[in-house]
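The residues making up each chain are set out below.
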Amino acid sequence: MAAILSSALGGTAVGATRYLAGRLDPLTIGAIRFGGGFLVLAAVALARRDTWPPMRDWPGAGALGVLFFGLFPVLFNAALVYTTAARGALALSTLPLLTMIAGAVLRVEPPTARKITGVLIAMGGVAIALGTSLASAPQGAWRGDLLMVAAALCMALYNVWSRPFLSRTAPIPFVAFGMGVGAVCLSALVASSGGFARLATFGIPQWIAAGYLAIICGALIFFLWAFALRRAAPTLVAVSVAVNPITASIFGVFFLGEQVSAKLIVGLVAVLSGIAVASGATGLFGSGRREAGARHPVPKPGGYTDTD
């Protein structure tokens, strides 16, 4: 549920980002989002007196921060220069599949028929919901599609590699540490190009949008993501990303006056069904055998449980 809420709120970030895109370049928007998110999470961690990552974890946690909060947004924004938002969303929906492959290769999470089926159903739901928008594409859109898949791969590796660190550190300080490293890298690039000077042109609406990006789309959704990664297998967390483009479409219906299409409804049902299958919330693939174990999961080697 934490991962689904994170992905759902992530869909609303598209609106805030588009609103600020007329005044700021993508790197500056990323620096505001993650820099502000770091300040919020760091303040919460200090107030709660949480334990920060031990010094031996700094290189690894910092590298993950650069990967997820530095390289990922650069690839994500660069992808949308060449391809459409719909094609980009579909390319990003490969995240659970890439996470499953990375988990199998690194021997962190073995793939199962149930998870593979759930991932494919959820990805199909995204394709159905975005069907009309996928028909048109600019010339050379394949470049953007590949960049978005590369961004998804960065996130997939973060999902798999962050698990050991989260076993030693609470989600809030872990995310704050990595987000701070990523924000410093982005801020250095923005400062060198004079991007922060454009903040002087902001009015109250722009600052509200920036605050929403930092607090909700920076601090909250990535805390929820790490919270989920600490408690569930990486693929089960990653499959929730299929909710993101669905939420963005629903946002367009309510706030941008777009029409509700049958494809959107079918896609939403397929996405939720895929998540249910992958998580074992249905009776498919023998998941109905979970009885008392669903309430009191038995830990297995590596920290996972039979409910994963």
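Residues numbered from 1 in each chain as written. Predicted model: local features only at pLDDT ≥ 70, side-chain atom pairs only at ≥ 80, totals over all residues. Heavy atoms only, no water.

(A) Geometry of a nonpolar patch on the surface. Where nonpolar side chains cluster on the molecular surface, the patch consists of I101, V105, L106 and W161 and spans about 390 Å² of accessible area. Inspection of the secondary structure assignment puts I101 in helix α5 (residues 95-105). (Patch = residues over 30% accessible without salt bridge, like charges linked within 9 Å, V, L, I, M, F, W, Y side chains within 5 Å. Areas by Shrake-Rupley, 256 points an atom, 1.4 Å probe, with all protein chains shown as cover. Salt bridge = Lys/Arg side-chain N within 4 Å of Asp/Glu carboxyl O. Helix = DSSP H or I, 4+ residues; strand = E, 2+ residues; numbered from the N terminus.)

(B) Spotlight on the environment of P111. Along the polypeptide, P111 turns up in the loop between α5 and α6 (113-129). Residues P111 and M100 lie 11 residues apart in sequence; the distance between their C-alpha atoms is 6.4 Å. Ignoring anything within four residues of it in the chain, the contact list for P111 reads M100, A104 and I116. (Contact = heavy atoms within 4.5 Å.)

(C) Main features of the packing of aromatic side chains. One pass over the structure, following the stated rule, counts 14 aromatic pairs. Taking the centre distance of 5.6 Å and the plane angle of 65° together, the rings of F34 and F222 count as edge-to-face. Linking F34 in helix α2 (residues 26-48) with F222 in helix α10 (residues 204-231), this pair joins segments that are 188 residues apart in sequence. Neither residue differs from the other here; F34 and F222 are each classed as buried. With a centroid separation of 6.2 Å and an interplanar angle of 80°, the aromatic rings of F69 and Y158 are classed as edge-to-face. A residue pair is termed long-range when its members are at least 10 positions apart, and F69 in helix α3 (residues 58-82) and Y158 in helix α8 (residues 141-166) qualify at 89 residues. For F69, a relative accessible area of 1% corresponds to the buried category. The exposure class of Y158 is buried, given its relative accessible area of 4%. Through pairs of rings, three or more aromatic residues link up here, namely F34, F68, F69, F72, F76, Y158, F165, F174 and F222. The ring centre of F227 lies 3.8 Å from the NZ or CZ of R231, which sits over that ring. (Phe/Tyr/Trp six-rings, centres within 6.5 Å; stacked < 30°, edge-to-face > 60°. Buried < 20%, exposed > 50% of the residue type's maximum accessible area, 1.4 Å probe, protein only. Lys NZ or Arg CZ within 6 Å of the ring centre and 35° of its normal.)

(D) Examining the pattern of salt bridges more closely. What the rule picks out here adds up to 4 salt bridges. Close ionic contact of D50 with R48 constitutes a salt bridge, the shortest N to O distance being 2.9 Å. Residue classification places R48 among the exposed residues on the basis of a relative accessible area of 52%.

(E) Region of the structure containing the packing of α8 against α10. At a minimum axis distance of 9 Å, the contact between α8 and α10 shows a crossing angle of 65°. Taken together, the axes of α8 and α10 are roughly perpendicular relative to one another. By crossing handedness, the relation of α8 to α10 is classed as right-handed. Side by side, α8 and α10 meet where M155, Y158, N159, S162, R163 and L166 of the first sit next to W225, A226, L229, R230 and R231 of the second. Of the residues assigned to the contact of α8 with α10, the class counts are 6 nonpolar, 2 polar and 3 charged. (Axes fitted to C-alpha atoms, helices over the stretch in contact; angles between N-to-C directions. Parallel < 35°, antiparallel > 145°, perpendicular 65-115°, else oblique. Left-handed = near helix turned anticlockwise from the far one by under 90°. Nonpolar A, V, L, I, M, F, W, Y, C, P; charged D, E, K, R; others polar.)

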